[in-house]
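Commentary on secondary and tertiary structure
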Amino acid sequence: MNAVSYLELLRLTLPEIALTVAALLLLTLDLTLLRPSPLARRFSVAAFIACAGCLAAIALVAASSATASLPDGMFVLTPLTHVVHIVLLVLALLTVLLSTATRFTDHVGEYIALILFATVAMMFLIATENLLLIFVALEFLSLSLYILTGFDKHSRQSAEGALKYFLFGGMSAGFLLFGMSLLYGLSGSIELPRIAAAVSGPSLDPLLLIAIVMVAIGFGFKVAAAPFHLWAPDAYQGAPTVSAGFIASSSKVASFFIFAQVVTLALLPAAGTAGYRGYTPGWVPVIAIIAALSMVLGNLAAIAQTSLRRLLAYSAIGHAGYMLIAFAAHTPESLSALLYYVITYALASLGAFGVLGALEAEGVDRIRDLAGLNRRAPGMAFCLLIFLLSLAGIPPLSGFFGKFFVFAAALHAEPHLSLLWLVLLAVAMSAVSLYYYLGVLKQVYVTEGPADAPPLRIAPPTRIGVWLLAALVVILGCAPSLLLNWFSIH
Amino acid sequence: MSWIVRSLWLIPVLPMLAAGVSALLKREQRRLSASLAIGSMGISFVLALSAFAQALAEPARQVVNFGWMQFGNQWVSLGWLLDPLAAVMLVMVTLVGLLIFIYSLGYMAHDDNFTRFFCFLSLFAGAMLGVVIANSLLLLFMCWEVVGLTSYLLIGFWFQRPAAAAAAKKAFVTTRIGDLGLLIGMVWLYAQSGTLLFYDHGAGCLEQSALTTMAAHVTIAGMAVSTAIGLLIFCGAAGKSGQVPLHVWLPDAMEGPTPVSALIHAATMVAAGVYLVARVYPLMTHSALAVVAWVGAITAFFAACIAVAQNDIKRILAYSTVSQLGYMMLGLGVGSVAVGMFHLITHAFFKALLFLGAGSVIHGCSDEQDIRNMGGLRRFMPVTFLTYAAGMLALCGFPLFAGFWSKDEILHAAHGWGLSRGPFYLGAIGALLTAFYMTRQVFYVFFGPRRTTETRSEPVGSHHGPVHAAAEPHESPGVMTGPLVVLALFATLLGFVGTPAWPWFQSFLSGTPNSFDLARFNEPGLIPLMLSSSVLVFAGLLLGWWLYGREPILRGTDPDALQRLQPGIFHALANRLYVDEFFGLTVIALTRFASAFSSWLDRWIWGGAVRLVSFLTVGLGWLDAGVDRYLVNGGFDAGCRDLARGGRLFSSLQSGRVQNYLRVIAAALVVLAVLLLWGRRG
């Protein structure tokens, strides 16, 4: 192994360091000086420090050099990772903003710090091409998320969800590690491009196929794709709302990005095809199967839900299916289609969870409790409308263009029209998804609520965060080139 | 260019602003509304005076044009102008307007909608002043239409009365018919000359180059284009100025409050038609002017006839106005701008005076308008009587009063007209009739004993609160008699600015130097003509006295003196020569028939087609609904049921038992691995 210049490492990881410092600072402050203060004060101070840290990190990312790398692919910065870093930081900032109004815990410092730590983990995850570091960062992220899920100590559901999440996560981490070790064994390297060089050959090793399946299981768990999704509904339902939103948004972006990195960089030669007639083994058919299964299962199961959170959980599974189509397409534009989709999805779903969090504080949880929301909180109702319609893929909201780019990429896949079956299935499932999204909106806008229901009081930070997210969803929908150009310029 | 020319736009805009502010006021803010209206009018009057002074100092025409909006690469320009014609009109409109505004303070004092009244009145004044200073036919037309609108609003001011509402509608529709001609003429003018600016440094539509082109073009029946356009514009003028046959709205317009009748339907708006013809005078060819002259002469005679047999004090004045407007048109047709305009100005003063006097009488007699129920008011209302007498003498053309000079000049011009003597004779007989009907009116109203009101028909209006029917007639307050006195002075003396010996007004309008020269009376035919017209006036007065003044009229129910002599003629005249009935039988019947026919067409032919289509559609709809219900929906519902069942099945996978969850992973691993390995082999 080559010697690592620690100064260089420090310089490259300045944004991560800034975030960590902010997390430690707010943790210390909260545990010492602010201990006797009222909860609201502690939340605002912590959120302020966290936001400052995020902004500083964004500035540092923006100011840092365009490309850099450390030996063995341990730390690789490209313009694309800068973009994803900024997106992650913005999402973390909005998550913190939304969490300031929650009152479920008095461990304020730990909660906010964990959000920042998870973000640091994700930033490392994005910026590495080394299997070992990927695994470490992934576990770092997962552990933070387990804790965030189980953070509501007064709720049995929260503990149950966290435990299921943890058990499931541990199991799939085992599979992932197994798969990675197989890859290492086959190629003798833990650096993604080198693995690709080593495994290329005329025919595929059976062990490589097993490794592909195991890696797919490991990441399939992270992105909540069927049939590795079983933790998701319980975790989404049990977790504090903001944690659920964070899992559904930030962690999705990071996991999908690294999943795409691994399969396209390390397993490039072992792609295979998933055509209706010409089927060749490789990771593309595996992902196509997982995608199809996720779309069908997620969207159909969502119909039967009565809780808004579970509905969002199942819809997240369905969306994971759509995003996996972009993988399966495996064309030059599929990475930018995937990123556009996952980023806009993250915005809309964080927004939906934000609205949900605001409502749950007032005791609204089940879909039928939403009746008459339009009268009680017209602003929140309107934002929910935007988020859900974007998730359903109604133009001109960004969800529509996400689906459009993904489907367009899939139709360009080689051989020609081989993935048509997947796209047709996806379109059909979009139609199904419209049904349950509109069912929610019907409750919000059409069904009469109880006559004496008082107007809801929404905390200002939540309101700001939700409106910002809604504005982003609309703007990116009206001008998708804003985001797309950013990917392609870099 | 002096400041007054540049800021000439202020004159119309100030009253309009006052109207806009008044429109926002509450009903109770009467004083503020009236002060706004009178204040803005006062400032406009002062500005108009300075404009007049400027025009005196520099008679050449000054224009200010500006681009209004762009179509393609063409600009539609608007602008205003100051020349002697506009200056004279400005002073007249602002002065008469100001006096009538002040008078309205007293006349409308008891009305609930005082604020609204002053709002409309100011809007009218602004628009009228806009007509006066417009240097673009388009701007003139816009203001013209606002004037028409305010006329409609003010005639129908007491819209609770069906007669007032109907009269407002009638006025609006009738003048719109004329306006249609004006609009077509305007569009045609634009098509021909490419501009609607009157004067634009040589490029305007009233300037030499455009006129030459238009005169050279020949359209249907050998008419020059400019003749046709001129006649179309004259249509608009005839509608506004109540020329036969579009005069029918003007007498009915007397349903409005009397100050409105005085301002709009005597002094200013109805004169706008005359002013329009004077403004586009360069466009009027000889043949167009001949039409104007004949229409004017016929109107002058015709309306004077009808006025003889009317019993409503305001209606008599209304027909008199129509008749005098005919004289003005005649003056324009046979003479020049100055001839017609001189009569316009003098008429504005004495007719406003007469209307306001009539208003004072009506006010003093508790809203009585029938002259048969008045009588002897001379004793009760001395100021009103004296001023009214001055106005009456001016209107009759009694020597040395204002009307004498202006009417005489028209008759002089008509006498010298080369084409025909017809208009002259019509005008002369009209003069006789004018003296006659005014004498009749004055004897009925002011002389003889006070006649009781037992024959009173319906009480007119409720705007003066509870009708104090039995009350003695009383003189009106100073705020009403003051304007009367001012107007009476003008009615008496204004004629001296345009006598043959010192034709200051005429030379001011035509821009020629002026001098005092008694020798002009020696012009052949002038003195005899003046004498004969005076004789006609005296004859009319005498005839009136003979019939109505010789022995006092004792009872209002007695038949009219003329009625006893010539019942047939009187009956025909009293019924306004059946013009309304004629329209009822022709134009309106035709319209009714056309509308009934259209309605039939619409109901049975088009409606039938629509119904057929709708039946077809409904039939198809039934068919479609059947297909939909039994074929499509059946399948779809089954599909949906399956989907929902699938959803429940999938969510039942979620048993909650973690062990099962983990087993799924293992199963997935096995299935996927087998699939890949099998695929590799095959």
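Note on numbering: residues in each chain are counted from 1, in written sequence order. Each chain gets a letter, beginning with A, and each ligand a number, beginning with 1, in the order they are written. Where local features are concerned, this predicted model is filtered to residues with pLDDT of at least 70; where side-chain atom pairs are given and counted, the filter is 80 or more; whole-chain, interface and lining totals use all residues.

Turning our eyes to something else, we now look at the overall build of chain A. Counting its regular elements, chain A contains 21 helices and four strands. Using C-beta atoms placed from the backbone, we call a residue buried if 20 or more other C-beta atoms fall within 10 Å of its own, exposed if 12 or fewer do, and partly exposed for counts in between. Residues classed as buried in chain A amount to 61% of the 490 residues present. Contact criterion: two residues are in contact if their C-beta atoms, reconstructed from the backbone, are within 7 Å. Put simply, 80% of the contacts in chain A that link residues at least 6 apart link residues at least 24 apart. To qualify as a helix, a DSSP run of H or I must reach at least 4 residues; to qualify as a strand, a run of E must reach at least 2; elements of each kind are numbered from the N terminus.

For the rest of this paragraph, the subject is the overall build of chain B. A count of helices and strands for chain B gives 26 helices and two strands. Per-residue burial for chain B yields a buried fraction of 51% across its 682 residues. Of the contacts formed within chain B by residues at least 6 apart in sequence, a portion of 79% connects residues at least 24 apart.

It is worth spelling out the interface of chain B and chain A at this point. Residue-level contacts link 21 residues of chain B with 26 residues of chain A. At the level of secondary structure, the elements contributing two or more residues to the side of chain B that touches chain A comprise helix H25 (579-653) and helix H26 (658-681) of chain B. With 13 residues, H26 of chain B is the single largest residue contributor to the side of chain B that touches chain A.

As a further point, take the packing of helix H15 (residues 334-360) of chain A against helix H20 (residues 460-478) of chain A. Residue and element names in this part refer to chain A. Here an axis means a line fitted to C-alpha atoms, over the contact stretch when the element is a helix, while the angle between two N-to-C directions is reported on a 0 to 180 degree scale. Packing of H15 against H20 brings their axes to within 9 Å, and their N-to-C directions diverge by 150 degrees. If you check the angle between H15 and H20, you find them roughly antiparallel. The hand of the H15/H20 crossing is left-handed. Only Thr 462, Gly 465, Val 466, Leu 469, Ala 470, Leu 472, Val 473 and Leu 476 of H20 make contact with H15, whose side of the interface consists of Thr 344, Leu 347, Ala 348, Leu 350, Gly 351, Gly 354, Val 355 and Ala 358. Of the residues belonging to the contact of H15 with H20, the class tally is eleven nonpolar, five polar and no charged. To sort the angles, those under 35 degrees are grouped as roughly parallel, those over 145 as roughly antiparallel, those from 65 to 115 as roughly perpendicular, and the leftovers as oblique. Each helix crossing is assigned a hand: it is left-handed if the near helix lies turned anticlockwise from the far helix by less than a right angle, otherwise right-handed if that turn is clockwise. Polarity classes work like this: nonpolar for Ala, Val, Leu, Ile, Met, Phe, Trp, Tyr, Cys and Pro, charged for Asp, Glu, Lys and Arg, and polar for all others, with Gly in that last group.

Glancing now at the environment of Gly 357 of chain B. When you line up the elements, Gly 357 of chain B lands in helix H15 (residues 337-364). When near neighbours in sequence (up to four residues on either side) are disregarded, Gly 357 of chain B contacts Thr 384, Thr 387, Tyr 388, Gly 391 and Leu 484 of chain B.

Along any regular strand, the residues point their side chains to alternate faces of the sheet. All names here are of chain B. Paired strands, as defined in this entry, are two strands with at least two bridges between them according to DSSP. Here nine bridges tie strand S1 (residues 62-71) to strand S2 (residues 74-82), and the two strands are oriented antiparallel to one another. What sits directly across from Gly 67, in S2, is Ser 77. Once S1 ends, the chain turns through two residues before running back antiparallel as S2, passing Gly 72 with a positive phi of about 60 degrees.

Our focus in this paragraph is the environment of Phe 400 of chain A. Residue and element names in this part refer to chain A. Relative to the helices and strands, Phe 400 resides in helix H18 (residues 398-411). Judged by the 19 C-beta atoms lying within 10 Å of it, Phe 400 is partly exposed. Along the sequence, Phe 400 and Ser 390 sit ten residues apart, while their C-alpha atoms lie 6.5 Å from each other. Setting aside residues up to four positions removed in sequence, Phe 400 forms contacts with Gly 393, Ile 394, Pro 395 and Gly 477.

Attention now goes to the nonpolar core. When buried Ala, Val, Leu, Ile, Met, Phe, Trp, Tyr and Cys residues are joined through C-beta atoms within 7 Å, the set is termed a nonpolar core. The biggest cluster of nonpolar side chains holds 217 residues, and the ones touching the most others in it are Leu 90, Val 96, Met 128, Val 274, Phe 349, Ala 352 and Ala 491 of chain B. Each residue touching Met 128 of chain B, except ones within four places of it in the same chain, is listed here: Val 93, Val 147, Thr 268, Met 269 and Ala 272 of chain B.

This part covers unusual backbone geometry. In this structure, the amide linkage connecting Pro 395 of chain A to the following residue, Pro 396 of chain A, adopts the cis form with an omega of 5 degrees. Looking at where Pro 396 of chain A falls in the secondary structure, it is placed in the loop between helix H17 (378-392) and H18. The phi angle at Leu 400 of chain B is positive, at roughly 80 degrees, despite the residue not being glycine. Position of Leu 400 of chain B relative to the elements: it lies in the loop between helix H17 (382-396) and helix H18 (402-415). Judged by the 14 C-beta atoms lying within 10 Å of it, Leu 400 of chain B falls in the partly exposed class.

Looking now at H15 of chain A. Its 27 residues give H15 of chain A an end-to-end C-alpha distance of 37 Å, which sits within 8% of 39 Å, the value for a rise of 1.5 Å per residue. Counting buried positions along H15 of chain A gives 25 out of 27 residues, so the element sits mostly inside the fold. To estimate how far a helix should reach, multiply one less than its number of residues by 1.5 Å.

With that out of the way, let us pick up the packing of helix H4 (residues 84-107) of chain B against H15 of chain B. Residues and elements named next belong to chain B. The interhelical angle for the contact between H4 and H15, taken along N-to-C directions, is 0 degrees, at an axis separation of 11 Å. Put simply, H4 runs roughly parallel to H15. Side by side, H4 and H15 meet where Leu 85, Val 88, Met 92, Val 96, Ile 100, Tyr 103 and Tyr 107 of the first sit next to Val 337, Met 341, Ile 345, Ala 348, Phe 349, Ala 352, Leu 356, Gly 359 and His 363 of the second. Residues of the contact of H4 with H15, tallied by class, amount to 14 nonpolar, two polar and no charged.

With that settled, the discussion passes to the environment of Asn 522 of chain B. Residue and element names in this part refer to chain B. Counting through the fold element by element, Asn 522 comes out in the loop between helix H21 (504-510) and helix H22 (526-549). For Asn 522, a count of 10 C-beta atoms within 10 Å corresponds to the exposed category. C-alpha separation for the pair Asn 522 and Ala 501, spaced 21 residues apart in sequence, amounts to 9.7 Å.

On to H18 of chain B. If you check H18 of chain B, its first and last C-alpha atoms are 20 Å apart, about what 14 residues at 1.5 Å a residue would give, namely 20 Å. For H18 of chain B, the tally of buried residues reaches 14 of 14 residues, placing the bulk of the element in the interior.

This paragraph deals with the confidence of the model for chain B. All names here are of chain B. Along the chain, pLDDT gives the predictor's confidence residue by residue, from 0 to 100. The predicted model of chain B averages 86 in pLDDT, with 97% of residues at 70 or higher. Note on residues 454-470: pLDDT under 50 across the span, and 25 contacts to partners over four residues away in sequence or across chains. Taken together, the chains of this predicted complex give a pTM of 0.57 and an interface ipTM of 0.82.

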